[in-house]
Each structure stands twice: as C-alpha cells, then as structure tokens.
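Residues per chain, in single letters:
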Amino acid sequence: MITKDYIITAAEGIHARPATALVKLSKKFTSVISIKKGDRTVKLNSLLNILALAAKGGDTITIIGEGEDEVAAMGAIDIFFQEELKHL
C-alpha cells in the first residue's frame, strides 16, 4: 500500500473536471485507488463519490493505492496532482 498527501491549491477544489479525470486515470490500473479527506475514504472509481467529499481549496487529502500495479498507478496520479495540486 502506498499513501501520499496533497494540499488542494485550486480555490475551486476538486470539481467535476478534475474528478472526472481522476476516475478515468484510476480505471487504467488494476489497483484499488482511494481518496481520503478527514475520516471519509472513497474509491476513485466514482465521480459522485469524489464530489461528495467536497474537497475545497486548502484542504488536505490522502491518495491510497493498493494492488499489483500500485507503484505505476500512484506515479501517474502523482503526475496528475503535480499539475493540479501541490504535493506535501
């Protein structure tokens, strides 16, 4: 299992466009990839799950990858977040 924390720097937070991109990206891998905000964790395979977290600018989230291709999956997600968000 690999975990990484990120701070959302975009004032609008994780809205529909980046959430959709995260779902598409996570579906490229067999590993289970989840996002955690506070005490709530949801899988990255559902747009509604991600939007329900209501992650706003300034929030800290954790991405969790677990599975046979977790290293590749987390690398791809890290690149995505480097473009969209700031890594801790």
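See the structure shown above.
Below you will find a few notes about this structure. (Residues numbered from 1 in each chain as written. Predicted model: local features only at pLDDT ≥ 70, side-chain atom pairs only at ≥ 80, totals over all residues. Heavy atoms only, no water.)

### So, helix H1 (residues 16-26)
In step 1: Of the residues making up H1, those classed as buried are Pro18, Ala19, Leu22, Val23, Leu25 and Ser26. Burial along H1 is one-sided: seen end-on, the buried residues are contained in an arc of 165°. (Buried < 20%, exposed > 50% of the residue type's maximum accessible area, 1.4 Å probe, protein only. Helix = DSSP H or I, 4+ residues; strand = E, 2+ residues; numbered from the N terminus. Arc of directions from axis to C-beta.)

### Things to note about unusual backbone geometry
Trans is the prevailing form of peptide bonds, just as negative phi is the prevailing case for residues other than glycine.
In step 1: Here the phi dihedral of Ala54 falls at roughly 55°; this positive angle occurs in a residue that is not glycine.
In step 2: Relative to the helices and strands, Ala54 is located in the loop between helix H2 (47-52) and strand E4 (60-66).
In step 3: Residue classification places Ala54 among the partly exposed residues on the basis of a relative accessible area of 32%.

### With respect to the nonpolar core
In step 1: One finds Ile14, Ile35, Ile61, Ile63 and Phe81 to be the most contacted residues of the largest nonpolar core, which totals 22 residues.
In step 2: Within the residue set of this core, elements represented by two or more residues are H1, strand E2 (32-37), E4 and helix H3 (70-84).
In step 3: Looking at which element gives the most residues to this core, the answer is H3, with 5 residues. (Core = buried A, V, L, I, M, F, W, Y, C linked by side-chain atoms within 4.5 Å.)

### Things to note about the pairing of E2
Sheet faces and side chains relate simply in a regular strand, where the side chains alternate between the two faces.
In step 1: One ladder, built from 5 bridges, connects E2 with E4; its direction is antiparallel. Paired with Ser34 across the two strands is Ile64, which belongs to E4.
In step 2: Bridge count between E2 and strand E3 (residues 40-43): 4 bridges; the pairing is antiparallel. Bridge pairing links Lys37 to Arg40 in E3. (Pairing = 2+ DSSP bridges.)

### Regarding the environment of Ile63
In step 1: Positionally, Ile63 belongs in strand E4.
In step 2: For the pair Ile63 and Lys43, spaced 20 residues apart in sequence, the C-alpha to C-alpha distance is 9.5 Å.
In step 3: Excluding anything up to four places from it in sequence, Ile63 contacts Ile2, Thr3, Lys4, Tyr6, Ile33, Ser34, Ile35, Met74, Ile77 and Phe81. (Contact = heavy atoms within 4.5 Å.)

### Description of the packing of aromatic side chains
In step 1: For the coordinates displayed, the defined rule picks out 2 aromatic pairs.
In step 2: Here the aromatic rings of Tyr6 and Phe81 are separated by 4.4 Å at their centres, their planes lie at 25°, and the arrangement is stacked. With Tyr6 in strand E1 (residues 2-7) and Phe81 in helix H3, this pair connects stretches of sequence that are 75 residues apart. Both residues of the pair, Tyr6 and Phe81, belong to the buried class.
In step 3: Seen from their ring centres, Phe80 and Phe81 are 5.4 Å apart, and the 80° between their planes marks the pair as edge-to-face. For the residue pair Phe80 and Phe81, the accessibility class agrees, reading buried in each case.
In step 4: Connected via pairs of aromatic rings, a cluster forms that spans Tyr6, Phe80 and Phe81. (Phe/Tyr/Trp six-rings, centres within 6.5 Å; stacked < 30°, edge-to-face > 60°.)

Interpretation in functional terms is not warranted from these geometric data alone.
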